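# Coordinate inspection notes
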Amino acid sequence: LLTPRSMPLLNLLKLIRLVRIESYFRRLQKQHRYIRLALSCKVCLVAAVSSHVLSCMWRLMRIWDGEAISEERSWVAIYVEDIYWVQMTMSTVGYGDISPIGTLSRLYAIVVMLFAPFFFGTIVSALTHATQSLFNDEVENRVALANRFLDRRRMPKDLRLRVEHNLR
């Protein structure tokens, strides 16, 4: 299962160190003015790291299934092909131009297909959380409530403007 050619792939275990970055994001989020920035960065980082790990594991499965790595192709071309496969599989587009060649890579493809809804669901949830304040601003809700109250009481426009200014 492990061959001398696949041993460098064990260096992927170094990615576990990325777990420490969570403490940096927590500190950034504690500063109220960086909440959206921290959440956006976190979503992008999780997407990038997940795509990277899944594509590296895809390459490993293909190597274990006996695919020979062409010496003519650069590692960048191979990596882009693997990222391409991961994104096509996870987005359920699946053009079919890159396909599993053996049992291990087929099993891995099944795992990625099962993982994809959770991955994208998490990203959509995080983006929803990040943009929620754009559409559900507490201050704007208070201003609207105060304006309705003042309208019902038929208050003068200058008083309504002063109240609105003080609430903002």
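Residues numbered from 1 in each chain as written. Predicted model: local features only at pLDDT ≥ 70, side-chain atom pairs only at ≥ 80, totals over all residues. Heavy atoms only, no water.

## Focus on helix α5 (residues 138-152)
Spelled out, the test is: Runs of H or I in DSSP of at least four residues are treated as helices and runs of E of at least two as strands, each being numbered from the N terminus. One less than the number of residues in a helix, times 1.5 Å, gives the span that helix is expected to have. Throughout, exposure labels follow a simple rule: accessible area from a 1.4 Å probe, protein chains only, divided by the maximum for the residue type, with under 20% read as buried, over 50% as exposed, and the rest as partly exposed. In this description, one arc is meant: the one made by directions from the helix axis to the C-beta atoms.
Along its 15 residues, α5 runs 21 Å from first to last C-alpha, staying within 8% of the 21 Å computed at 1.5 Å per residue. Of the positions making up α5, those classed as buried are V143, A146 and L150. One side of α5 holds all its buried residues, which, seen down the axis, span an arc of 65 degrees. Turned more than 90 degrees off the buried face of α5, the exposed positions are L145 and R152.

## Comments concerning helix α3 (residues 75-90)
With 16 residues, α3 extends 22 Å from end C-alpha to end C-alpha; this agrees with the ideal 22 Å at 1.5 Å per step. All buried positions along α3 are accounted for by I78, D82, W85, V86, M88, T89 and M90. One or two positions beyond α3, positive phi appears at T92, with a value near 60 degrees.

## Section: the nonpolar core
In plain terms, the rule: For this analysis, a nonpolar core means a set of buried residues of the types Ala, Val, Leu, Ile, Met, Phe, Trp, Tyr and Cys, connected via side-chain atoms within 4.5 Å. Residues are treated as being in contact if the distance between any of their heavy atoms lies within 4.5 Å.
In this structure, L54, W58, W85, V86, M90, Y108 and V112 are the most contacted members of the largest nonpolar core, which totals 15 residues. Elements that contribute at least two residues to this core include exactly α2 (35-64), α3 and α4 (103-135). The dominant element in this core, judged by the number of residues it contributes, is α4, at seven residues. With residues up to four places along the chain from it excluded, the contact list for V112 reads L54, W85, T89 and M90.

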